[in-house]
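Coordinates in review
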Amino acid sequence: MRKTDEFKFDIITAFSIFAFLIIVAVTYTAIYIFTDITTQEFKDKVKLSADNIYYIYQEKVNNIKNATIALSNNDIFNTKFTVNPEVIKSVFKTMLLANSNLSEINYYNRFGKYVIGCEKVKNRVFCLNRDSKTLEVKDYNSNKELFFKEYLSDKGLNLTLISPIQKGNNNGFIEVRALINKLDMLNSDLFYTIIINKKGQIFLSNFYKAKSIYDLFSYSLGDKILKTKEGFVTDDIYVKELSSNIKIVLIQNKNLINKTNEVSKKMVLIMIAISILLAIPLGIFFSKPLYKFYEELDLRVKEEIEKRQQKEQMLMHQSKLASLGEMLGNIAHQWRHPLTRLSLLIQNLEMAAQMNKLDKDFIQKFKEKAQVQIEYMSKTIDDFTNFFKKDTKKVEFCPKEIIEDALKLMEGRIKQNKVEVVLDIKKTDPILGYKTEFSQVVLNIINNAIDVLKERDIKDRKIFIRIDGKKIEIEDNAGGIPEEIKEKIFEPYFTTKFQSQGTGIGLYMSKIIISQHFKGKLYAYNSEKGAVFVIDLSN
């Protein structure tokens, strides 16, 4: 039998070796964390930031386009009577003051001769006569609804939109000019942001005061940036195309990395010193290494279980946030048209007042039309609120009703993307579970189908939904899932979308919901048309 002193010596030796391994592990971990964290944060955040800039730009441009089309379709131009210049001025002033980005609106007759126009200068609107101004109508005489041009200048992003007036006897053209002084950018210590045109000229920057991309980088790297539509040019430079003329470039902040590296070196030295000072005293102090070992092992198992639970909770939270974002997007689609109609009703009210046509009958009709739009918007909010109301207990529900409600909520997005939904119901059986979670699965799959149809530019876009008892199939005609990613689509954070368009957790959480909460199966296969996602709850 071994002596106690020998046993203690073994304990001290074993713990000293263990402490040494801890020193190595802590040192390596510290170096890895503090030197890599900035690059990883940059890659994680840069896509989200680029998406935000892209969204802001698209929203501004779409608002201006919608305003131009709405103006060309206004009743003041689509009439058999002579157009009243004073009424036109009133409408133009209203539009210019209502939209901060609009700078000028002009009306030309069918021959391209200038009729009347208004210009906004420092939030004041002036309506001037410019008899010498004409429009080359041969460039715009077509069935096209809108002509759009954009270019960068020292003042900002300039937009010119021309919409032919194709109704009534007063055919002509509406010209709208707009100026976007800057695109809002997320301020971050991790990267700099610059906006360039297709020639590499810098339009906006929180970087150095450079006029061209070639003032910052070599010609080879500058050319690579100009040729890249979207993605990482290098590990520290990310490019995203806003349009055919404009790109944003996000550049990693190297000064921040250098400062972080200095801090990491000091912390590593402190960790090593503390570990060495504690290694021998702790080796002498602990007399029950095996017990301690199993105690630590048990603790690690519990920590891993907690981490897994926290990860699932985090993924569920992210999935709910993604669903919330989709819900807000769908509400925006549903509200866009009634808001436009209300705006035009208000303009018509003002014109009627100026033309002394504001009688009791006109007011009554205005009230009825406005009430219809308001009730529609109110009902939209009620529908979304009821659809996403959190369930507290499992109930039996009909999958057909859930799918029809989902299609109703997504009606705006479906119409905007010109998707035809074909619903085929053979028979339906009641399902026991949480309605909201099932709704989330259906929305995830349908939204993914719409995204891939749009991404692949499918002309005749269709989604087929088949219900047979407790088996639901959702199929698109986008060509199917590539074989190389077929086995990965249900993995967490795997996505074929770029940036803010996808988080990679939708299908993963959908599979978790169906398998764990409904005891069913969610899988996918390719048909002749495209991808088929199957929700099988028959078990």
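Procedures and definitions
Residues numbered from 1 in each chain as written. Predicted model: local features only at pLDDT ≥ 70, side-chain atom pairs only at ≥ 80, totals over all residues. Heavy atoms only, no water. pLDDT = per-residue confidence, 0-100. Contact = heavy atoms within 4.5 Å. Buried < 20%, exposed > 50% of the residue type's maximum accessible area, 1.4 Å probe, protein only. Helix = DSSP H or I, 4+ residues; strand = E, 2+ residues; numbered from the N terminus. Pairing = 2+ DSSP bridges. Axes fitted to C-alpha atoms, helices over the stretch in contact; angles between N-to-C directions. Salt bridge = Lys/Arg side-chain N within 4 Å of Asp/Glu carboxyl O. Arc of directions from axis to C-beta. Core = buried A, V, L, I, M, F, W, Y, C linked by side-chain atoms within 4.5 Å. Patch = residues over 30% accessible without salt bridge, like charges linked within 9 Å, V, L, I, M, F, W, Y side chains within 5 Å. Areas by Shrake-Rupley, 256 points an atom, 1.4 Å probe, with all protein chains shown as cover. Phe/Tyr/Trp six-rings, centres within 6.5 Å; stacked < 30°, edge-to-face > 60°. Lys NZ or Arg CZ within 6 Å of the ring centre and 35° of its normal. Expected span 1.5 Å × (residues − 1).

1. A few points about the confidence of the model for the chain
For the chain, mean pLDDT is 76; residues scoring 70 or higher make up 66% of the total. Taken together, the stretch residues 498–502 has pLDDT below 50 and engages in 15 contacts with residues farther than four places along the chain or on a different chain.

2. Points about the pairing of strand β16 (residues 471–476)
Taken across its six residues, β16 has five buried, putting it largely inside the fold. Two strands pair when backbone bridges link them, and strand β15 (residues 461–469) and β16 are joined in this way by six bridges, in the antiparallel orientation. Considered in β16, the bridge of Arg466 is made with Glu473. The turn linking β15 back onto β16 is made up of one residue. Where β16 lies against strand β18 (residues 531–536), five bridges are found, and the strand directions are antiparallel. Counted as the bridge partner of Ile472 is Ile535 from β18.

3. Examining the sheet that holds strand β3 (residues 124–128)
Strand pairing in a sheet relies on backbone hydrogen bonds, with the paired strands running either antiparallel or parallel. Spatially, β3-β2-β1-β6-β5-β4 is the arrangement adopted by the six strands of the open sheet, whose pairing is antiparallel. Two strands in the sheet have a free side with no partner beyond their single neighbour: β3 and β4 (147–152). Taking the axes of each pair of neighbouring strands and ignoring which way they run, one obtains an average angle of 15° across the sheet. Pairing between β4 and strand β5 (residues 157–165): six bridges, direction antiparallel. Note on β5: the bridge partner recorded for Lys149 is Thr160.

4. Regarding the pattern of salt bridges
Between side chains of opposite charge, a pair can form as their charged atoms come close. Within the structure shown, the criterion is met by 13 salt bridges. With a shortest N-O distance of 3.0 Å, Glu104 and Lys133 are connected by a salt bridge. Note that Glu104 is positioned in strand β1 (residues 102–109) and Lys133 in the loop between β3 and β4, a separation of 29 residues in sequence. Residue Glu104 is classed as buried on the basis of its relative accessible area of 11%. As a salt-bridge pair, Arg466 and Glu475 come within 2.9 Å of each other at their nearest N and O atoms. Note on Arg466: relative accessible area 24%, which makes it partly exposed. By relative accessible area, which is 5% here, Glu475 ends up buried. Look at the salt bridges and you will find they share partners, linking Glu104, Lys133, Glu175 and Arg177 into a network.

5. Overview of helix α3 (residues 219–227)
Residues Leu221, Gly222 and Ile225 constitute the buried set of α3. One face of α3 carries all of its buried residues, which in axial projection span an arc of 100°. Opposite the buried face of α3, by more than 90 degrees, sit the exposed residues Tyr219, Ser220 and Lys227. Contact partners of the buried residues in α3: β7 (191–197), β9 (230–234), β10 (237–241) and β11 (246–252).

6. Brief notes about the nonpolar core
Ranked by internal contacts, the top residues of the largest apolar core, which has 43 residues, are Phe77, Phe92, Leu102, Ile105, Tyr107, Leu159 and Ile174. The leading source of residues in this core is helix α1 (residues 4–72), at nine residues. Here Leu159 is in contact with Val61, Ile64, Phe148, Lys149, Glu150, Val176, Arg177, Ala178 and Ile180, once residues within four sequence places are set aside. With 39 residues, the next largest nonpolar core counts Phe438, Leu443, Ile481 and Ile485 among its residues.

7. What to know about the sheet that holds β9
The strand order β8-β7-β11-β10-β9 describes an open sheet built from five strands, whose pairing is antiparallel. Of all strands in the sheet, those with a lone pairing partner are β8 (202–205) and β9, marking the two edges. Taking the axes of each pair of neighbouring strands and ignoring which way they run, one obtains an average angle of 20° across the sheet. As judged from the three bridges shared by β7 and β8, these two strands associate in the antiparallel manner.

8. Quick look at a nonpolar patch on the surface
Where nonpolar side chains cluster on the molecular surface, the patch consists of Val121, Phe126 and Leu128 and spans about 230 Å² of accessible area. Note on placement: Leu128 falls in strand β3.

9. A short note on the packing of aromatic side chains
One pass over the full model with this rule turns up seven aromatic pairs. Measuring from centroid to centroid gives 6.3 Å for Phe490 and Phe533, while their planes differ by 75°, and the two rings are edge-to-face. You can see Phe490 sitting in the loop between β16 and α10 (506–517) and its partner Phe533 sitting in strand β18, a full 43 residues away along the chain. Exposure remark for Phe533: the relative accessible area of 10% places this residue in the buried category. Taken together, the ring pairs connect Phe397, Phe438 and Phe518 into an aromatic cluster. In this structure, Lys511 packs its charged tip against the face of Phe490, placed 4.8 Å from the ring centre.

10. With respect to helix α9 (residues 435–455)
Over its 21 residues, α9 runs 30 Å from end to end, which matches the ideal 30 Å to within 8%, given 1.5 Å per residue. Judged by how many residues are buried, α9 sits mostly within the fold: 16 of 21 residues are covered. A positive phi of about 55° marks Asp457, the residue just after α9.

11. A closer look at unusual backbone geometry
Here Lys122, not a glycine, exhibits a phi torsion of approximately 50°, which is positive. As for its placement among the helices and strands, Lys122 is situated in the loop between β2 (114–121) and β3. Looking at Lys122, the relative accessible area reads 79%, which means it is exposed. Not every positive phi belongs to a glycine, and Lys418 is a case in point at roughly 55°. Along the chain, the position of Lys418 falls in the loop between α8 (411–416) and β13 (419–428).

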